[in-house]
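Results of the structural survey
This is what each chain is made of:
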Amino acid sequence: MFRTSIRLSLTTAALALMAGTAMAAGSDAGSIISNTFSMSYNSGGETITIDDADTAETTVDRKIAYTLVAQTDPLVQSVSPGDSDVELSFMLTNTGNADTTFDLDIAQTFPTNNGIELTYDTAGGEGTWHVVVLDPAIGPSSAQVYDPANLNGITIPQDGQRILAVIASIPDADDLERDDFQFTVRALNDAGSAVAQEDRDGNGVDVVFGDPGQNNIETGTGGFQVEAPVLSATKIAQVVAETPDASFNCATGGSAGNGAAFIPGACIEYQITVQNATTASASATDVYFVDRMPSEVTYVGATIEITGGTSDAFVVLPGGGDVAAEVDQLDPGMSAILRIRATVD
C-alpha cells in the first residue's frame, strides 16, 4: 500500500517541479544588517572627511509565510467502488525567511450526511485512508506516511515545498456517498507549539505573519464522492397459455398474462427486469444475471430486450438448467428485460 501511494504521487510531484520554486521573503531571520555612513565638510579651506561616522545595526525579524494550494482538480474527486489509492493533495510552500516546521491536521467530515465512512489506517487497504508527505524536489523516494493525530511536524526549508496527500481506497459504497477532508496547516515554534500571535516588541527577533490569512493558519478542503450505478431487479411469473394445443409454440407464441392457472402442460413466462435508476451517477457495465430454473418446469426459449437506450445483450445458457443474460452497459434510466419461456411439468 505504501509503495502504491508513492507511485500515485508521481504526477503531483512532476507538476510541482514544472511549476518552479517559489521565492522566499529575502534576508534570513536573525541576520544582522549593518549600515554605516560617512560625512565630509570644509573648514579653513580644508575638506574634512569622517569615514564610518556612525553605524546603525538592525536584526532581520522572522516572517512566517506559507501557502497551501490544491493540486487535485476538481477538489471533490469522483470515485467508483473498488478504486484503490485515489489521491487528494495540496502543495505546502514555505515562502518565509527561515526554515520552518509545520503541523498538519486533517479532519474527516461527511457533508452530505451520507458518507463513505473511510477508516484511518496507516497500513492502507480497502475502505481506509492515510496521509503521505512528499518532497517534490526529491521525488517519490522521499514519501513518508504522516500521522495527523500527532504533533509530529513537517520541516520545510526556505523556498521548500511539500506535497500533502490523503490516499484512499474506496470500498463497496453507494452512489453519491462522500467523505471530505479538511487540511489545516500551522507553523510551529521551537517548543513544538503553534505560533499563536505575532511578536512585535522590538526585542531580539520579532515574529510577523505573512501567510495569506496573516493569522498562521491555512486550510484547504477536498473529498471523494462515489459515482455508481443504482441497480434494482424484479421478477414475475405469468401464464402464457394454460392448455396449449399441439400447434402452439411456447417459445415464441402468445403473450404473458393470458391465463391464470399454473397447471401441468401450461406455457409460462418468467420476466426478470434489471434497471439502472434514472438518478444514478454512473453506468453499469458487464451486467450479468442468472435465473435458477426450478426442476418442475422445462425450459423452451428466452429473449432479452433493452429499453431506455441501446446496448449489446445476449441470452446465455451456462448449464445446469440455468438461464442467464449478459448486457454490455446499462446507462442511467436503461433496463434489461429477460423473458424466459417454459412449460410446467
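Residues numbered from 1 in each chain as written. Predicted model: local features only at pLDDT ≥ 70, side-chain atom pairs only at ≥ 80, totals over all residues. Heavy atoms only, no water.

Across its full length, the chain holds two helices and 22 strands. Relative to the compact-globule value of 20 Å for 345 residues, the chain shows a C-alpha radius of gyration of 35 Å, a clear excess of over 25%. Each principal axis of the C-alpha distribution contributes one length, and for the chain these read about 145 × 40 × 30 Å. Considering only intrachain contacts with a sequence separation of at least 6, the fraction spanning at least 24 residues in the chain is 74%. By element, 47% of the accessible surface of the chain is carried by carbon and sulfur atoms, the whole surface being about 17,400 Å². (Helix = DSSP H or I, 4+ residues; strand = E, 2+ residues; numbered from the N terminus. Rg over C-alpha atoms; globule rule 2.2 N^0.38 Å. Contact = heavy atoms within 4.5 Å. Areas by Shrake-Rupley, 256 points an atom, 1.4 Å probe, with all protein chains shown as cover.)

Turning to the confidence of the model for the chain, a few remarks are in order. Counting all residues, the mean pLDDT for the chain is 89, and 92% of those residues have values of 70 or more. Contacts of residues 1–20 to residues separated by more than four positions or lying in other chains number 37 contacts, the stretch itself having pLDDT below 50. (pLDDT = per-residue confidence, 0-100.)

Taking strand neighbours across the sheet as the criterion, the four strands line up as 16-17-22-19 in an open arrangement whose pairing is antiparallel. Each edge of the sheet is formed by a strand with only one pairing partner; in this case those strands are strand 16 (231–241) and strand 19 (297–307). Geometrically, the sheet is characterised by an average inter-axis angle of 15° between neighbouring strands, direction not taken into account. In the sheet, strand 17 (residues 267–276) pairs with strand 22 (residues 335–344) via nine bridges, with the strands oriented antiparallel. Among the inter-strand pairings, Q271 is bridged to a residue of strand 22, identified as R339. (Pairing = 2+ DSSP bridges. Axes fitted to C-alpha atoms, helices over the stretch in contact; angles between N-to-C directions.)

Next up on the list: the state of the cysteines. Overall, the coordinates contain one disulfide when judged by the stated rule. Two residues, C250 and C267, share a disulfide whose sulfurs are 2.0 Å apart. Here the disulfide of C250 and C267 is right-handed, its torsion about the S-S bond being about 85°. Remark: C267 occurs in strand 17 and C250 occurs in the loop between strand 16 and strand 17; sequence separation between them is 17 residues. Across this residue pair, the class does not change: C250 and C267 are buried. (Disulfide = S-S within 2.5 Å. Buried < 20%, exposed > 50% of the residue type's maximum accessible area, 1.4 Å probe, protein only.)

This part covers the packing of aromatic side chains. Considering all chains together, one arrives at five aromatic pairs under this definition. An aromatic cluster is present here, built from Y120, W129, F181 and F224 joined pairwise through their rings. One residue, K235, lies across the ring of Y270, its end atom 4.8 Å from the ring centre. (Phe/Tyr/Trp six-rings, centres within 6.5 Å; stacked < 30°, edge-to-face > 60°. Lys NZ or Arg CZ within 6 Å of the ring centre and 35° of its normal.)

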